[in-house]
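Read off the chains here:
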Amino acid sequence: MIQRIRTTPPRYWLVLVVVLFFIGLPTVIDSFQSGEWAQALVLAIAIMGLNILVGYSGQISLGHGAFMAIGAYTSAILAHRYKMDYLATIPIAGLLTGILGFLFGVPALRLSALYLALATFALAVVTPSLIKRPAELTGGVQGIVLLPPVPPTFASDTFSALTGTALTSDQWTYYVTLAWTLVLFWLAWNLVRHRAGRAMRAIRDGEVAAAASGVNIAGYKTLAFGISALYAGIAGSLFGLAVGFVSPDTFPVALSIQLLVGAVVGGLASIPGPIIGAIFAYFLPIESNQWVPTQTWIPGSIASTIEKAGPAVTYGAVLILTMIFAPNGVVGLVLTGYSRLRGRLRGVPDRESGQMPPDPHTV
Amino acid sequence: MQEFLQLVVSGIATGGIFASLALALVLIYNAMGLVNFAQGEMAMFATFVAFTLIAHGMNYWLAFVITLVVAFAGGIAIERVVIRPIERAPILTLVIVTLGLATLINGLAGSIFGYVPRAFPSPFSVQTVNILGALASFQDLGVIAVSAVVLLAIYLLLQHTTVGLTMRAAAHHAEASRLLGVRVSWMLALGWGLASAVGSVSGIMVAPIILLEPNMMQTIIIYAFAAAVLGGIESPLGAVVGGVIVGVTVNLAGVYLPFVGGDLQLAVALAIIVAVLVLKPNGLFGRPTVRRV
Amino acid sequence: MALLELEDVRAGYGATSVLHGVSLSVPEGQIVSLLGANGAGKTTTLRSITGGVHWTGDIRFGGRSLRRMHTEDVVRLGIAHVPEGRGILTELTVDENLKLGSHLRRDGAAVRKDYDRVFEYFPVLRERRRLSASTLSGGEQQMLALARAFLMKPRLMLLDEPSLGLAPLIVRAIFEIIRTINGADKVAILLVEQNARLALDVSSEAYVLEVGRVAVKGSSSELQGNEAVRRSYLGY
């Protein structure tokens, strides 16, 4: 299923358009929505991390919500108890989570794909209880409340100069998150293009063959775990920033599943996939609650069921349908459609696969 | 000593509940090498069906049997509709689909039945009886008895009937079975149906204890995972033994290990899973698999 | 109309084509040999018949086309296929393997009689009934496979290299039983064999495959008598 997605060389202009879109976004939406988009970007980072693990190195994790929790709580504790500047805590949280992920990756080597899924799933379910326990440190059930960040003067001055409005806390959070997103995505893109990425893909596609070719399986697999945990840790830390508090209930097993949904629907083993997946994963629950009831063409009983059930029914159905009909996610659909369109325009007959596409030079 | 025995007995009872769900997992694993992450949610939904029947005045045991039949049919339906299109897909795809199924069923249950926890009737009284100086409740003994009957029935079905034989053949030797006229694809569906029915027993037995609501099986499935992993994921006997061990261990840990308390019992299950996977990945009764290169 | 007819069958695996137009027929109650070197396509031919490989052309059993039928349905029409490697279900006992041979039959009394005959032909199977099939030696597994196929009470048996890897004494015994099954119960047999001499001794007709096509065909006595054919195709 995780076929190497038939990709074309990166359309740099497209990337530029997308980046500009995100930079300009807060100027056209209200402050609250900027906060929402910040949370979506947080998911994108975590999903990118998961994608590195699942899509590129072929290891399943159903517990990345736990890594997000570690990152979030690290930042929260450092900021709240030790009065550290929150922004400074972000890389620390990421690093700590990354190291823990790396250490987790060591015993994970011995587990088959299924057992790894099982173990990480169990971890995700147990995480809220584990957080509640050391109550003095973690704030127990109530969690830790964080003060909304105050935008530094250089930022608010620049923003006011460009847009004529003051920079709100939510918007500042958005930009911080966006900065991290851009950096981390760029790093990921480089990772997969170069040796580490190739090694991981080789492992994913055939571990025995990769080992026979001299790839350090253990090294790269644990590295993948560490990196993906680092991403999740940073995402968790930014999540705390965006939402303003952390508590055990903000990291239920549903979060880990949400991340997996986003990774799969967006398209595993692709760079743009996590962004698409994050937008889907974040906005679907909100939209299904608000948008569906307004659509008169949906029969009343179905609409009210969807409304009452919340996102779960839609999530589940979308996940199942995606895996059956479009296992490469949105990115896969787009690329297959694009190459078919190109073929048709050029008059080349459709080439049914049976053959793996050549390894792209870039992702 | 008394308390210890009581804990052991009630541990065996919860163990029976875990064993039923674990057996469901083992059945599907044997049939297609997949751990069905939706097993708990399927059991929960079946329990809601039982609840609805009983709430409309039906006799408990009649509702029990009908629910098992409905669960059986539901399992077959799910296999035919959702699993069949992707029967030969890689394991990650199947895992994700079962997760999607779990999410879907959970949401469906929430929207149809609501999230308010409900009391679920038990056919056994909470009176206690004196065994070897310890007090054991009829509730616990009843659960043990029901679990034992169900597990025995599955054993007899699989080992001593032609249908069970063809199911086992299809599970272990699909191609060779086809050459003997076995409809392998339908055996898979049957496996799902059976697993669903067995799993629903677990839901019906646990509901009186923890209150019926859509999320009730989310912790139970973890215990069932621990039981299945401990017993050996391919071994039905292992599921039973593993279930009992997990049930008793968790009970004892909750009382005798002060830092565990009530809320970290689940962590004990996680610890068991981790310990088994690290020390003896094939579990108590599993066989080491040969990796074909 | 022959019991089994293959008409211009082409088959292969993915991009590789193995059969390039094979036509043969197996008359009712006869033993037909399918000979040829390794890689000639003998096994692929058998697999095509029971739907284990994608094929084009036509294959008819009792006049009925087998196109697009699933393996298990083809088998249920009355074809028993003992594949390369024998297809023993090693997770199950000897008895359970045999049971899978007879599980589709409804004629209880006749089944019991057939079991008696099976144990008469292969006493070792009765001794090892309760044991796991994996404990059987190669020769015993071949006997089990044959016994199981016999219990299916098929109209046609497809045997893929029954002599492979077996000691000559055992091979002789097995071929005796093959002859008996064919004689007493009129079961038609399509016999794939590398040991051409054995095969020709027991069969009435033979086809020789070469690189996916029928190179030579005729009655077994003809082929046995033709020294040129024997030398170039059959290796003796």
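Residues numbered from 1 in each chain as written. Chains lettered and ligands numbered in written order. Predicted model: local features only at pLDDT ≥ 70, side-chain atom pairs only at ≥ 80, totals over all residues.

Q: Could you give me a rundown of the overall build of chain B, with the residues and numbers involved?
A: A tally of helices and strands in chain B yields eleven helices and two strands. Mapped in sequence order, the helices and strands of chain B form the string α-α-α-α-β-β-α-α-α-α-α-α-α. Its C-alpha radius of gyration of 19 Å places chain B within 12% of the 19 Å reference for a compact globule of 293 residues. In terms of its C-alpha atoms, chain B occupies a principal-axis envelope of roughly 60 × 50 × 35 Å. Relative to its 293 residues, chain B shows a buried fraction of 55%. By sequence separation, contacts in chain B at least 24 residues apart represent 72% of the contacts at least 6 residues apart. (Helix = DSSP H or I, 4+ residues; strand = E, 2+ residues; numbered from the N terminus. Rg over C-alpha atoms; globule rule 2.2 N^0.38 Å. Buried ≥ 20, exposed ≤ 12 C-beta atoms within 10 Å, placed from the backbone. Contact = placed C-beta atoms within 7 Å.)

Q: Please provide a residue-by-residue account of the overall build of chain A, values included.
A: Across its full length, chain A holds 16 helices and two strands. Within chain A, the proportion of its 363 residues that are buried is 50%. Taking the contacts inside chain A whose residues are at least 6 apart along the sequence as the reference set, 78% of them involve residues at least 24 apart.

Q: So what's going on with the packing of helix H10 (residues 236–256) of chain B against helix H11 (residues 265–279) of chain B? Residues and values would help.
A: What describes two packed helices is the angle between their axes and the distance between those same axes. All names here are of chain B. Close contact between H10 and H11 brings their axes to 9 Å; oriented N to C, the two are set at 130°. With respect to each other, H10 and H11 are oriented oblique. Judged by the sense of rotation from one axis to the other, the crossing of H10 with H11 is right-handed. Taking contact as the criterion, the partners of Val-246, Thr-249, Val-250, Ala-253 and Gly-254 in H10 are, on H11, Gln-265, Val-268, Ala-269 and Ile-272. Residues belonging to the contact of H10 with H11 are distributed by class as follows: six nonpolar, three polar and no charged. (Axes fitted to C-alpha atoms, helices over the stretch in contact; angles between N-to-C directions. Parallel < 35°, antiparallel > 145°, perpendicular 65-115°, else oblique. Left-handed = near helix turned anticlockwise from the far one by under 90°. Nonpolar A, V, L, I, M, F, W, Y, C, P; charged D, E, K, R; others polar.)

Q: How would you explain the sheet that holds strand E8 (residues 188–192) of chain C if you had to name every residue and give the values?
A: Residue and element names in this part refer to chain C. Spatially, E6-E7-E8-E3-E9-E10 is the arrangement adopted by the six strands of the open sheet, whose pairing is mixed. In this open sheet, the two edge strands, each paired with only one partner strand, are strand E6 (79–82) and strand E10 (213–219). Across the sheet, the axes of successive neighbouring strands diverge by a mean angle of 15°, strand direction being ignored. Pairing between E6 and strand E7 (residues 156–160): four bridges, direction parallel. In the strand pairing of E7, His-81 is matched with Leu-158. (Pairing = 2+ DSSP bridges.)

Q: Let's hear about the packing of helix H3 (residues 64–80) of chain A against helix H4 (residues 86–108) of chain A: which residues, and what values?
A: Residues and elements named next belong to chain A. Running from amino to carboxyl end, H3 crosses H4 at an angle of 140°, the nearest separation of the two axes being 8 Å. The orientation of H3 with respect to H4, classified from their angle, is oblique. Of the two possible hands of crossing, H3 and H4 adopt the one that is right-handed. Within the contact between the two elements, H3 uses Phe-67, Ile-70, Gly-71, Thr-74, Ser-75, Leu-78 and Ala-79 and H4 uses Tyr-86, Thr-89, Ile-90, Ile-92, Ala-93, Gly-94, Leu-96, Thr-97, Leu-100 and Gly-101. Among the residues making up the contact of H3 with H4, the classes are represented as ten nonpolar, seven polar and no charged.

Q: Tell me about the nonpolar core, residues and numbers included.
A: By size, the foremost hydrophobic cluster in this structure holds 292 residues, and its most contacted members are Ile-45 and Ala-122 of chain A together with Ala-269 of chain B. If sequence neighbours within four positions are ignored, Ile-45 of chain A has contacts with Trp-180, Thr-181, Leu-184, Tyr-231, Ile-234, Ala-235 and Leu-238 of chain A. (Core = buried A, V, L, I, M, F, W, Y, C linked by C-beta atoms within 7 Å.)

Q: Mind laying out the environment of Ile-220 of chain B, listing which residues take part and the relevant values?
A: All names here are of chain B. As for its placement among the helices and strands, Ile-220 is situated in helix H9 (residues 217–231). What makes Ile-220 buried here is the crowd of 25 C-beta atoms within 10 Å. Remark: the alpha-carbon pair of Ile-220 and Val-206, spanning 14 residues in sequence, is separated by 8.8 Å. Residues in contact with Ile-220, not counting those within four places in the same chain, are Leu-21, Gly-40, Ser-202 and Val-206.

Q: Just give me the short version of the interface of chain B and chain A, but keep the residues and values in it.
A: Each side of the interface is counted separately: chain B has 40 residues, and chain A has 39 residues. Elements with a contribution of two residues or more to the side of chain B that touches chain A: helix H4 (91–113), H9 and H11 of chain B. Among the residues forming the side of chain B that touches chain A, the class breakdown is 30 nonpolar, nine polar and one charged.

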